[in-house]
Amino acid sequence: MVDAPERGQALSDHWRAWVVDNLLHGASRDELVAALVAQDVPPGLAKREVQAIEASPLLACCAQFLIERERRDQLLELLVDLRADRPIERRESVSADTLFADYWATSTPVVLTETTRDWPARTNWSIASFRRRFGDVTVQVCTRRDADPHCDRNFRDHFEEQRFGDYLDLVERPEPSNDVYMIAHNHTMERPGMRSLLDDVVMDEALFDPAEAIGGCTLWVGPKGTLTPLHHDSTNILFCQIVGRKKLWLLPPWEASLLDDARGFYASFDASSPRRQWPEAHRQARVHELVLEPGEALFLPAGWWHQVRALDASISFSLLNFRRDNRFDDYAPGNTRLVQAGVDRGSP
Ligand SMILES: O=C(O)CCC(=O)C(=O)O
């Protein structure tokens, strides 16, 4: 029981909201009056309140929103049912036309096992070679991550400039750590001292625009054990795992329950934890788990939820500079106008 149903000669706000909720979900006036009376609300007051709420234009307005929501939910459920057990495909590589038609346009992830086969990065990139080539370059990394459970959301609070060589000493430590991580937001590829890395990347120019590589490509370097929590992006990404392995948990954007408690780009739970520990609303969600081996690339469509754990000291390289408009900034379900205004009842 949240509070007493009665406040003087009226129902409390909580109980009024309870009446609205139940009317919208099909309860009858008599059922609601009986339930309120069972909570010691005088019968006359219970009947008056339920009748007043039934007649309110606010209830009609809420009903209209619910109808619209139910229609969209039906559409999402149709999509979920149609795609239910489709596993994530693994292919050697695909042409630009196939990628755009079969994966981009259908929001379908795919692992490409041979896409980076001819990249000099495959032989030239390692922690040791990065130290030799770039050890004295000043880079930015995220530090003190362990002290902040929302370190990825608060990434700016964790920025620190370091000599790359000093950072790589931390990356090479054998014990797993999520305390330091060079992430996309550190904009490493935009540092003049680091741009020669692009010479080690072979872009399919039908798929990617090399002129957009600076700003459109990102580097992730971290120790074994880094964890990027469950989130989505608003761009399509070709995520290339160059050194070490990473484990990923993927959920499609149409797993609609995740939208309800998303905040910003982040979901509310740890997809790697046992399912029984997830919020009840998400326990039926279909999760795809996969490990990217060194050299493998994942095409990850905009909106797909992903959580990433480094199984080894790791270097990953992402390309976003597709030859298609790749900004879906309007897709921000965890940050809609009313969520920003703080009126979401689910706000933490
Ligand atoms: O590799 C990681 O830790 C995270 C990668 C990621 O989330 C991304 O590329 O959007």
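My aim in this report is to walk through the structure given alongside it, one point at a time.

What counts and what doesn't
- Residues numbered from 1 in each chain as written.
- Predicted model: local features only at pLDDT ≥ 70, side-chain atom pairs only at ≥ 80, totals over all residues.
- Heavy atoms only, no water.
- Helix = DSSP H or I, 4+ residues; strand = E, 2+ residues; numbered from the N terminus.
- Buried < 20%, exposed > 50% of the residue type's maximum accessible area, 1.4 Å probe, protein only.
- Areas by Shrake-Rupley, 256 points an atom, 1.4 Å probe, with all protein chains shown as cover.
- Lys, Arg positive; Asp, Glu negative; His and termini not counted.
- Charge placed at Lys NZ, Arg CZ, Asp CG, Glu CD.
- Pairing = 2+ DSSP bridges.
- Axes fitted to C-alpha atoms, helices over the stretch in contact; angles between N-to-C directions.
- Near = heavy atom within 4 Å.
- Polar contact = N/O pair within 3.5 Å; in protein donor to acceptor, adjacent residues only side chain to side chain.
- Nonpolar A, V, L, I, M, F, W, Y, C, P; charged D, E, K, R; others polar.
- Contact = heavy atoms within 4.5 Å.
- Core = buried A, V, L, I, M, F, W, Y, C linked by side-chain atoms within 4.5 Å.

**Digging into the overall build of the protein**
Helix and strand counts for the protein come out as eleven helices and 14 strands. If you line up the protein on its principal axes, its C-alpha atoms span 85 × 45 × 35 Å. Of all 348 residues assigned to the protein, the portion counted as buried reaches 45%. When the accessible surface of the protein is summed, it comes to about 17,900 Å², and 51% of that surface belongs to carbon and sulfur atoms. Within the protein, one finds 40 positive and 54 negative side-chain charges whose respective centroids are separated by 1 Å.

**Some words on the sheet that holds strand S8 (residues 227–231)**
Ordered by their spatial adjacency, four strands build an open sheet running S8-S13-S10-S11, and the pairing between neighbours is antiparallel. Two strands bound the open sheet, and with one partner strand each, they are S8 and strand S11 (288–292). Strand-to-strand twist in this sheet, taken as the mean axis angle between neighbours without regard to direction, amounts to 15 degrees. Across six bridges, the pairing between strand S10 (residues 246–251) and strand S13 (residues 305–310) is antiparallel. Bridging from a neighbouring strand, Leu251 pairs with Trp305 of S13.

**So, the site of the ligand**
In the neighbourhood of the ligand, the contacting residues comprise Tyr181, Trp220, Thr228, His231, Asp233, Ile237, Phe239, Lys246, His306, Val308 and Ser318. At 3.1 Å from an oxygen atom of the ligand is found a side-chain nitrogen or oxygen belonging to His231. One of the side-chain N or O atoms of His306 is found 3.0 Å from an oxygen atom in the ligand. In the complex, 96% of the free accessible area of the ligand, which totals 290 Å², lies under the protein chains. When residues of the shell around the ligand are traced back to their parent elements, those giving at least two are S8, strand S9 (237–243) and S13. For the shell around the ligand, a count of residues per class yields five nonpolar, four polar and two charged.

**Quick look at the environment of Gly135**
For Gly135, the location among the structural elements is in the loop between helix H7 (127–134) and strand S5 (138–142). When its relative accessible area of 5% is taken as the criterion, Gly135 is described as buried. Residues Gly135 and Pro223, 88 residues apart in the sequence, show an inter-C-alpha distance of 16 Å. For Gly135, the contacting residues outside a window of four places in its chain are Phe130, Arg163, Phe164 and Gly165.

**Section: the nonpolar core**
Grouped together as the largest cluster of nonpolar side chains are 63 residues, with contacts concentrated most on Trp125, Phe130, Phe164, Leu219, Val221 and Phe317. It is S9 that provides the largest number of residues to this core, a total of six residues. Leu11, Ala46, Ile53 and Leu59 belong to the second-largest nonpolar core, a separate cluster that totals 13 residues.

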